[in-house]
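# Descriptive analysis of the structure
The residues making up each chain are set out below.
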Amino acid sequence: MTSGGPAAARFAVVGNPGNRRVDLFADAVRAAGLPGPRVVPWADVLRDGGADFAPGEIVRLDSPGEDALVDRLLRGTDDPTRVEGSARWYATFTSALRGLRGGRRLDDPDDLAVLFDKRRCHAVLAAAGVPVPASPTSGPGAPPVRGWDDVRALMREHRMPRLFVKLAHGSSASGVLAVESAGGGRIRATTSVELAPDGCLFNSLRIRRYTDERQIAAVVDALAPDGLHLERWLPKASQRGRAADLRVVVVDGRATHAVVRTSTSPLTNLHLGGRRGDLDEARAAVESAGARWTDVLAVCERAAACFPRTLCVGVDLLPAIGWRRAAVGEVNAFGDLLPRLTGLPGSGAEGRDTYAAQVTAALRRHGPTHAPGAQDPRHASDPNDPRDADEPNVPHGTHHPHHPLHPHDTRTGSAHAIA
């Protein structure tokens, strides 16, 4: 299997067969007039210790989420709703990356190892001058966070009365707490973590607010063995009375797609009740504040430039109150799940979804000189469809809002696949 002409370009994707991400990428490859990609299951990679690719294969790595067997192989638990296990997930995942051999890679193992460690990723972004929230846990020399007592001490030392406590290797808001302290010792934590009576932690589709410091301490103490990252809570801009941020997809160095996410809680993830906002309204707010929309997108491109050997990342951008400034909250290796959303004007991806844009860029890097045609305009996005953006990687057999298995159970699987 070799490259060199239009008929010779072949793709392979490491993913979960039948998963929507794999299917959407395969559709984009076939729409380019190429054979469908060879699918290499994550389950096989994890059980066999790797996989081999032909020299001419263009290899894409996709999320290992939404599969109970794969989640068990990565985290070592039979209950995909459990929060714990992200450190083991990270160690197993990065080990599996080292077992992939050959091919022309669209995702770099060293980049992914940084992207899936929030402490390392934050340090890389800060060193490159990318605006990020202040953090006392950024980089290899940062103090460890062994539990709630350490969080409290760092809050005092760094004068951070409001902060986010995050799993170092978590994703899709798994294990995230938005913590606020006030006078008189009052404290509140907003989170999707459900603390069971036996002390176990579960991901939930319902946002909870804990005001008992003993409960907050119990959650943080249970999360701490997997590694914690702390960031100052930056007040965000609002849209129609709801807190707002943006997910911006950057493909081959160019910001190509963007969505606004809004929420009444500090967590804007759509599976936790967030809603799609109005991108044109956000752009107008930026420009009314005297800033330039191109500068907003440039912040995301600067963040992506820290990972030049990875073709596509999703950047979570936090616009400040007033929309004049913005900081990067996270950079996601698998942050491209925006079905039916077409490219930004002037991005070079007009008429194409995120997957078609990546096929075009991949062929430009590794394949024939022609690029795939525009996507069928009938697949343009519905800005009010919550299924279109940033959905979690919920493993099979768990409880997803669009695929309920039980009307009263709001737990959802741990989603360690989106950084």
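A quick note: this is a predicted structure, and the numbers were derived from the prediction, not measured. (Residues numbered from 1 in each chain as written. Predicted model: local features only at pLDDT ≥ 70, side-chain atom pairs only at ≥ 80, totals over all residues. Heavy atoms only, no water.)

## A word on the packing of helix α3 (residues 68-75) against helix α4 (residues 86-98)
Using the following cut-off: Geometry is summarised by axes, namely lines fitted to C-alpha atoms with helices restricted to the contacting stretch, and by angles between N-to-C directions that run from 0 to 180 degrees. What counts as a helix is a DSSP run of H or I of at least four residues, what counts as a strand is a run of E of at least two, and both are numbered from the N terminus. Under this scheme an angle from 65 to 115 degrees is roughly perpendicular, one under 35 degrees roughly parallel, and one over 145 degrees roughly antiparallel; angles in between are oblique. In this description, contact between two residues means that some pair of their heavy atoms is separated by no more than 4.5 Å.
The interhelical angle for the contact between α3 and α4, taken along N-to-C directions, is 95 degrees, at an axis separation of 7 Å. When the axis of α3 is compared with that of α4, the two are roughly perpendicular. Side by side, α3 and α4 meet where Leu 73, Leu 74 and Arg 75 of the first sit next to Arg 88, Trp 89, Thr 92 and Phe 93 of the second.

## Here's the deal with helix α11 (residues 354-366)
Because the α-helix completes a turn every 3.6 residues, residues three or four places apart line up on one side. Cut-off, in case you're wondering: Take the number of residues in a helix, subtract one, and multiply by 1.5 Å to get its expected span. The buried label goes to any residue with under 20% of its type's maximum accessible area, the exposed label to any with over 50%, and the partly exposed label to all in between, with areas taken from a 1.4 Å probe on protein chains only. Side-chain atoms alone can form a polar contact between residues adjacent in sequence; in general such a contact is a pair of N or O atoms within 3.5 Å, and within protein one must be able to donate a hydrogen while the other accepts it.
A rise of 1.5 Å per residue sets the reference length of α11, with its 13 residues, at 18 Å; its end C-alpha atoms lie 18 Å apart and thus fit the reference within 8%. Of all 13 residues in α11, eleven are buried, a share of seventy percent or more. Taking the backbone nitrogen of Tyr 355 as reference, a side-chain oxygen 3.1 Å away marks Asp 353 as the first, capping residue of α11.

## A few points about unusual backbone geometry
In this model, Ala 173 sits at a positive phi of 65 degrees, which is unusual for a non-glycine residue. Structurally, the position occupied by Ala 173 is in the loop between β5 (162-167) and β6 (177-181). The residue Arg 340 is not glycine, and still its phi comes out positive at about 70 degrees. For Arg 340, the position within the fold is in the loop between β15 (326-332) and α11. Among the residues examined, Arg 340 registers a relative accessible area of 30% and is labelled partly exposed.

## Overview of the nonpolar core
Let me state the cut-off plainly: Put simply, buried Ala, Val, Leu, Ile, Met, Phe, Trp, Tyr and Cys residues joined by side-chain atoms within 4.5 Å make one nonpolar core.
In terms of nonpolar packing, the biggest core is built from 56 residues, with Leu 125, Val 328 and Val 331 touching the most fellow members. Broken down by element, this core gets its largest block of residues, seven residues, from helix α10 (residues 293-304).

## Considerations on the side chain of Asp 316
Position of Asp 316 relative to the elements: it lies in strand β14 (residues 312-319). Separated by 2.5 Å, the side chains of Asp 316 and Arg 247 make a polar contact. Residue contacts for Asp 316: discarding those within four places in its chain leaves Leu 246, Arg 247, Arg 261, Ala 327, Val 328, Gly 329, Glu 330 and Asn 332.

Function cannot be read off these values alone, since they describe shape.
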